[in-house]
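Residue strings, one per chain:
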Amino acid sequence: MNQELIIVLDFGGQYNQLIARRVRECNVYAEVKPYTMSLDEIKKMNPSGIIFTGGPNSVYDETSPHYQKEIFELGVPILGICYGSQLMAYTLGGKVETAPVSEYGKTDVTIDVSGKLFDGVSKNTTVWMSHTDYIAKVPEGFKISAHSSVCPVAAMECEEKKLYATQFHPEVLHTEEGKTMISNFVYKVCGCKGTWTMDSFVESKIKEIKEKVGDGKVLLALSGGVDSSVAAVLMSKAVGKNLTCVFVDQGLLRKDEGDQVEAIFGPKGNYELNFIRVNAQERFYAKLAGVTEPEKKRKIIGEEFIRVFEEEAKKIGKVDFLVQGTIYPDVIESGLGKSAVIKSHHNVGGLPDYVDFKEIIEPLRMLFKDEVRKAGLELGLPEYLVYRQPFPGPGLGVRIVGEVTAEKVRIVQEADAIYREEIEKAGLSRNIGQYFAALSNLRSVGVMGDFRTYDYAVVLRAVNTSDFMTAECTNIPFEVLQICMNRIINEVKGVNRVMYDLTSKPPGTIELE
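Bear in mind the structure is a predicted one, so any value in this text is a computation, not a measurement.

(A) Summary view of the packing of helix H8 (residues 281-288) against helix H9 (residues 294-316). Here H8 crosses H9 at 145°, and the two axes come no closer than 10 Å. Read as a crossing pair, H8 and H9 show a hand that is right-handed. Only Lys297, Ile300, Ile301, Glu304, Phe305, Arg307, Val308 and Glu311 of H9 make contact with H8, whose side of the interface consists of Arg283, Phe284, Lys287 and Leu288. Tallied by class, the residues present in the contact of H8 with H9 amount to six nonpolar, no polar and six charged.

Okay, structure coming up:
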């Protein structure tokens, strides 16, 4: 690779994506790779630096993830975080033990600011700790560069070999000066220049696609959401009329969204795309009948999408490539190496074993959501489309808890439309990362017009997030929520209760299923 690269070696940490995201904020490309990646593969990628993630294991347990000692002899700068710091210490001859006192949450630490990693960081700062083991003795050649009241080695370093480690998590926003620390590692330790930008990504990706596709025919799964829309315009610039965009209205879209997508991308829209709309509502409802398990719903929706595309491909002649708007969080949450699967995405972990195409192209596969938006603007897409509210691939199928039916879809469509309308009226839409209405599987007794009701509870969700991998509940004014509640109960038949979801991510996910 010609570009600067930081490899994030994943040992099962929940913040692995965040580390890569923070590196990319420095305009340096980063990829998350499983710890099972071989040393030879790492050498071939020629990284400017390597970061070891955290993880849930104890490094002194021989069944835990480890890596061969030779990685520290490559001459490549390495930063170990949490479990990664303990792995570095353990592998190089230090001692790791169960901590007398575990640390979790915001913690005050004292920093030795003389080294490159902590250049410009306050001597006393607040960080995010999450550990039950600790480094009891640093390896030979290392010095302690930070400590807390109960953790003697909150950070260590061997500047000569460019090896650094933090027991805390600099990648999370709770570490007040974490961005400075990551930036210091990328620029001052690894010597990166920060040349990776969206314009260079778009230019190189178009060139790459042209070389891959040649004169081949391309079929793109267009949902009308941000990811697939950006993918469509990117592919159009690369292959022109060889691109056909198939929009499947599977009956799980937001209210009136099918018509809105057709208005933007169809024959009367602003883009010269071969646009085909497939109305497959009843087909999807039949496949989902009686299914309540979230992962099974995702798999069914994913497979049915592929089957529809195969059928459309046969109608239009030979098709060589299928394009999907998969993005990086989809890939990582669907399982990376031996990391836990959070949820499969219909265009990643939900793909069937057999797909009747030569190859699948995912041009946005290595981008985070905000990077996709930047790419969209770089491609000339209008802001109203680029900043459209995110929508999951399986659609309302994962915003309806339990079995999906046409009646439940109607309820959540109408409730969601009211909620989004009121958020817009209140001037809150651009300040919220994602907001939507979902339908719980709860039915409860209510009273409306002196009559007993036994209807569904709608759940309203709104979160603030910069990367869609961690999120906090949005503090929406109570009067706005009250207006939404009154309108939904009065205007949406089948609902007698409205709730507001306060859960952050983690421990929850942004979607309900």
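(B) Local environment of helix H14 (residues 478-491). End to end, H14 covers 20 Å across 14 residues, agreeing with the expected 20 Å (1.5 Å per residue, within 8%). Within H14 the residues assigned to the buried category are Val480, Leu481, Cys484, Arg487, Ile488 and Ile489. In this structure, the buried residues of H14 make contact with helix H13 (406-425), strand E15 (434-448), strand E16 (451-464) and strand E18 (495-500).

(C) Structural detail: H9. Helix length check: H9, at 23 residues, gives a terminal C-alpha distance of 33 Å against a target of 33 Å (1.5 Å per residue), a fit within 8%. Among the residues of H9, the N-terminal cap falls to glutamate 293, whose side-chain oxygen and the backbone nitrogen of glutamate 295 are separated by 3.1 Å.

(D) Quick peek at the nonpolar core. Leu9, Ile50, Phe52, Ile71, Met156, Leu220 and Met235 are the most contacted members of the largest nonpolar core, which has 71 residues in total. Per-element tally for this core: the top contributor is helix H6 (residues 226-239), with nine residues. Those residues in contact with phenylalanine 52 that lie beyond four places of it in its chain are Leu9, Phe11, Ile71, Phe72, Ile78, Leu79, Gly80, Ile81, Gly84 and Leu87. Counting residues in hydrophobic clusters, the runner-up holds 47 residues, among them Leu252, Val291, Phe309 and Tyr435.

(E) Quick peek at the packing of helix H5 (residues 198-213) against H6. Contact pair H5 / H6: the axes reach a minimum separation of 9 Å and the direction vectors enclose 60°. Compared by their axis directions, H5 and H6 come out oblique. In this structure, H5 crosses over H6, and the sense of that crossing is right-handed. Seen from H5, the contacting residues are Val202, Lys205, Ile206, Ile209, Lys210 and Val213; seen from H6, they are Leu234, Met235, Lys237, Ala238 and Val239.

(F) Seen up close, the sheet that holds strand E8 (residues 155-158). Across the sheet, which stays open at both edges, the nine strands sit in the order E2-E1-E3-E4-E9-E8-E7-E5-E6 with mixed pairing between neighbours. Two strands bound the open sheet, and with one partner strand each, they are strand E2 (29-34) and strand E6 (124-137). Within the sheet, the average angular offset between the axes of one strand and its neighbour, ignoring direction, is 20°. In terms of strand pairing, strand E3 (residues 49-52) meets strand E4 (residues 78-81) through three bridges, oriented parallel.

(G) Summary view of the packing of aromatic side chains. Enumeration according to the criterion identifies ten aromatic pairs in this entry. Taking 6.0 Å as the distance between ring centres and 40° as the angle between the ring planes, the aromatic pair formed by phenylalanine 11 and tyrosine 83 counts as tilted. With phenylalanine 11 in the loop between strand E1 (5-10) and helix H1 (16-24) and tyrosine 83 in helix H3 (residues 83-91), this residue pair connects regions lying 72 residues apart in the sequence. Take phenylalanine 11 and tyrosine 83: they sit in the same class, and that class is buried. With 5.8 Å between their ring centres and 65° between their planes, phenylalanine 52 and phenylalanine 72 make a pair best called edge-to-face. Of the two residues, phenylalanine 52 is situated in strand E3 and phenylalanine 72 in the loop between E3 and E4; the sequence distance between them amounts to 20 residues. Residue phenylalanine 52 shares its accessibility class with phenylalanine 72, and that shared class is buried.

(H) Region of the structure containing the pattern of salt bridges. Applying the stated criterion across every chain, the model contains 32 salt bridges. Of the charged contacts, one joins aspartate 320 and lysine 318 as a salt bridge, the two residues approaching to 2.1 Å between their closest N and O atoms. On the accessibility criterion, aspartate 320 (10% relative accessible area) is buried. Residue classification places lysine 318 among the exposed residues on the basis of a relative accessible area of 64%. Ionic pairing is found between aspartate 416 and arginine 420, a salt bridge with its closest N-O pair at 2.6 Å. With a gap of four residues between them, aspartate 416 and arginine 420 both fall in helix H13, about one helical turn apart. Several salt bridges converge on common partners, so that one network encompasses Glu421, Glu422, Lys425, Arg487 and Glu491.

(I) Just the pairing of E2, in detail. Burial of E2 is extensive: five of the six residues sit out of reach of the surface. Of the strand pairs in this sheet, E1 and E2 are connected by six bridges, and their pairing is parallel. The residue bridging isoleucine 6 from the neighbouring strand is alanine 30, located in E2. Crossover handedness for the path E1 to H1 to E2: right-handed.

Scoring rules and cut-offs
Residues numbered from 1 in each chain as written. Predicted model: local features only at pLDDT ≥ 70, side-chain atom pairs only at ≥ 80, totals over all residues. Heavy atoms only, no water. Axes fitted to C-alpha atoms, helices over the stretch in contact; angles between N-to-C directions. Helix = DSSP H or I, 4+ residues; strand = E, 2+ residues; numbered from the N terminus. Left-handed = near helix turned anticlockwise from the far one by under 90°. Contact = heavy atoms within 4.5 Å. Nonpolar A, V, L, I, M, F, W, Y, C, P; charged D, E, K, R; others polar. Expected span 1.5 Å × (residues − 1). Buried < 20%, exposed > 50% of the residue type's maximum accessible area, 1.4 Å probe, protein only. Polar contact = N/O pair within 3.5 Å; in protein donor to acceptor, adjacent residues only side chain to side chain. Core = buried A, V, L, I, M, F, W, Y, C linked by side-chain atoms within 4.5 Å. Parallel < 35°, antiparallel > 145°, perpendicular 65-115°, else oblique. Pairing = 2+ DSSP bridges. Phe/Tyr/Trp six-rings, centres within 6.5 Å; stacked < 30°, edge-to-face > 60°. Salt bridge = Lys/Arg side-chain N within 4 Å of Asp/Glu carboxyl O. Right-handed = clockwise from strand over helix to strand, strands pointing away.

The quantities given are spatial measurements derived from coordinates; they are silent on function.
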